[in-house]
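Examining the three-dimensional arrangement
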Amino acid sequence: MVMTVILKIKKTAPDEDKIARAARVIKEGGLVAFPTETVYGLGADAFNPAAIEKIFIAKGRPRDNPLIVHIADRSMLANLARSFPRRARALSEKFWPGPLTLVLKKKAHVPAEVSAGLSTVAIRMPANPIALSLIRAAGTPLVAPSANLSGRPSPTRARHVREDLGGLIDLIIDGGSTPIGMESTVVDFTGRYPKILRPGAVTAAQIEAIIGPVIPAGEREDTFQPKSPGMKYRHYAPRARMILVEGEDFREKICTLITEAGRERKIAVIGFHQDSRYDNCLFVHAGARSRTVARRLFGILRELDSQGVELIISEPYPARDGLDLMILDRLRKAAGAEG
């Protein structure tokens, strides 16, 4: 166990001395959790294999699950990627800094631990002044998976990081809540055609408006090796058992599940409709708009765990806009889907 230091830093005006202190931890091979616009990341020097190994140990993360490298400016790409395809460049010009990750062919000196032994590397530029300041002060790109125990709901507040990783990492930067609340969109440019590997806040429609058609991610077998986080293993899951109910008759199905579970179990229902009502359970309305749901969902799952809920039942998420795929992806994986 280590003593985990917590530094409170304002996003609007990052304290240079505190940023420098966190950067020293990175330079010395330590781990620093920091906020981005999506979720909190667990940062280490992307060119320090020993530091990267600490991430896998602290999180309990499978070694075949690659990491995303975070950069502060495009000049850092030259030390990471063998090439920068025209369409990838076009997306970066539109959406960086922002919640978009590009999978590119990596240079040989990028540690194998970063990409799980693959010839590719996933890269993004976060839209958060604290994150960008930390990367610049450290003088190196940072690998930064979500700062949680592997499989748990991603952290959107510093206290979520402390709950999972307190005593396991060196430092947590508390920069307030993250505005998006879910991980970045990942687009693979290493095949013949661009392919979305993970849906996120940058939607397929937005991407196609810039570069034309892209291939959506299909179902995967358990044996495949992912090029991006969030593709193979169960992710975003509460400790409680979780069931995602889908279909037009979802209210009847949920009532049946509550009855079958029995009153001796503590049950919660996550809803997306203001008129939803269920007996013998705790009901949580997650929001009526997709951006609200995205920002709140992981925090809701963690709060229900803290209340000792044993069974979480989720209403189906209604289709409204391009962010719905991101939310549905997280709900399905939280309920146990691994594709």
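Attention in this report is confined to the structure presented alongside it. (Residues numbered from 1 in each chain as written. Predicted model: local features only at pLDDT ≥ 70, side-chain atom pairs only at ≥ 80, totals over all residues. Heavy atoms only, no water.)

Right, let's get into the overall build of the protein. Within the protein one finds ten helices and 14 strands. Over its C-alpha atoms the protein spans a radius of gyration of 20 Å, differing by no more than 12% from the 20 Å that the globule rule assigns to 339 residues. Its C-alpha atoms give the protein principal-axis dimensions of roughly 55 × 50 × 40 Å. Each of the 339 residues in the protein was classed as buried or not, and the buried ones make up 56%. Here the analysis covers contacts within the protein between residues at least 6 apart in sequence; of these, 69% occur between residues at least 24 apart. (Helix = DSSP H or I, 4+ residues; strand = E, 2+ residues; numbered from the N terminus. Rg over C-alpha atoms; globule rule 2.2 N^0.38 Å. Buried < 20%, exposed > 50% of the residue type's maximum accessible area, 1.4 Å probe, protein only. Contact = heavy atoms within 4.5 Å.)

So, on to the sheet that holds strand β13 (residues 282-285). Spatially, the four strands line up as an open sheet ordered β11-β14-β12-β13, and their pairing is parallel. Every other strand in the sheet has two partners, leaving β11 (241-244) and β13 as the edge strands with one partner each. Each adjacent strand pair in this sheet contributes to an overall mean axis angle of 20°, direction not counted. Taken together, the four bridges between strand β12 (residues 267-271) and β13 define a ladder with parallel strand orientation. Each residue of the ladder has a partner; that of Ile270, found in β13, is Val284. Here helix α9 (residues 290-306) sits on the sheet and contacts β11, β12, β13 and β14 (311-314); the angle it forms with β12, its principal contact strand, is near 170°. (Pairing = 2+ DSSP bridges. Axes fitted to C-alpha atoms, helices over the stretch in contact; angles between N-to-C directions.)

Consecutive side chains along a regular strand alternate between the two faces of the sheet. In terms of residue burial, strand β6 (residues 120-124) counts as a mostly covered element, since five of its five residues are buried. Alignment of strand β5 (residues 100-105) against β6, held across four bridges, turns out to be antiparallel. Each residue of the ladder has a partner; that of Leu104, found in β6, is Val121.

Our focus in this paragraph is the sheet that holds strand β10 (residues 195-198). Across the sheet, which stays open at both edges, the ten strands sit in the order β1-β8-β2-β3-β7-β4-β6-β5-β9-β10 with mixed pairing between neighbours. At either margin of the open sheet sits one strand with a lone partner, and together these are β1 (5-8) and β10. Set on the sheet, helix α2 (residues 49-59) makes contact with β3 (40-45) and β7 (142-143); between it and β3 the angle comes to about 145°.

Before going further, it helps to examine the pattern of salt bridges. Taken as a whole and assessed by the stated rule, the structure comprises 14 salt bridges. Taking the shortest distance from any N to any O, the salt bridge between Lys253 and Asp249 comes out at 3.3 Å. Salt-bridge contacts for Arg251 lead to Asp275; the nearest nitrogen and oxygen are separated by 3.0 Å. With Arg251 in helix α8 (residues 250-261) and Asp275 in the loop between β12 and β13, the pair connects residues that are 24 residues apart, well separated along the chain. In this structure Asp275 comes out as exposed when scored by relative accessible area, which is 55%. In the salt-bridge network here, residues are joined through shared partners; they are Arg152, Arg159, Glu163, Asp164, Arg302 and Asp305. (Salt bridge = Lys/Arg side-chain N within 4 Å of Asp/Glu carboxyl O.)

Bringing the packing of aromatic side chains into the picture now. Tallied over the full model, the rule gives four aromatic pairs. Each ring, one from Phe84 and one from Trp96, has its centre 6.5 Å from the other, and the planes form 20°; the classification is stacked. Taken together, the positions of Phe84 in the loop between β4 (68-70) and α3 (86-95) and Trp96 in the loop between α3 and β5 put the pair twelve residues apart, joining distant regions of the chain. Take Phe84 and Trp96: they sit in the same class, and that class is buried. For the pair Tyr278 and Phe283, a centre-to-centre distance of 6.0 Å together with 40° between the ring planes defines the contact as tilted. Residue classification places Phe283 among the partly exposed residues on the basis of a relative accessible area of 25%. (Phe/Tyr/Trp six-rings, centres within 6.5 Å; stacked < 30°, edge-to-face > 60°.)

Right, let's get into the packing of α3 against helix α7 (residues 204-211). Relative to each other, α3 and α7 sit at 120°, their axes nearing to 9 Å. In terms of their interaxial angle, α3 and α7 are classed as oblique. Considering only the axes of α3 and α7, their crossing is right-handed. Note on element contacts: α7 touches α3 through Gln206, Ile207, Ile210 and Ile211, opposite Arg87, Ala90, Leu91, Lys94 and Phe95. Of the residues that constitute the contact of α3 with α7, the class distribution is six nonpolar, one polar and two charged. (Parallel < 35°, antiparallel > 145°, perpendicular 65-115°, else oblique. Left-handed = near helix turned anticlockwise from the far one by under 90°. Nonpolar A, V, L, I, M, F, W, Y, C, P; charged D, E, K, R; others polar.)

A few words on the packing of helix α1 (residues 16-27) against helix α5 (residues 129-138). Following both chains from N to C, one finds α1 and α5 inclined at 55°, their axes separated by 8 Å at the closest point. By the angle between their axes, α1 is oblique relative to α5. Here the hand of the crossing between α1 and α5 comes out right-handed. Of the residues in α5, those touching α1 at Ile19, Ala22, Ala23, Ile26 and Lys27 are Ile130, Ser133, Leu134, Ala137 and Ala138. Taken together, the residues of the contact of α1 with α5 sort by class into eight nonpolar, one polar and one charged.

The next point concerns α2. Taken together, the buried positions of α2 are occupied by Ala51, Ile52, Ile55, Phe56, Ala58 and Lys59. Considering only its buried residues, α2 is in contact with β3, α4 (112-115), β7 and α6 (158-165). Where α2 starts, the residue carrying a side-chain oxygen 3.1 Å from the main-chain nitrogen of Ala50 turns out to be Asn48. Downstream of α2 by one or two residues, Gly60 has phi in the positive range, about 70°. (Polar contact = N/O pair within 3.5 Å; in protein donor to acceptor, adjacent residues only side chain to side chain.)

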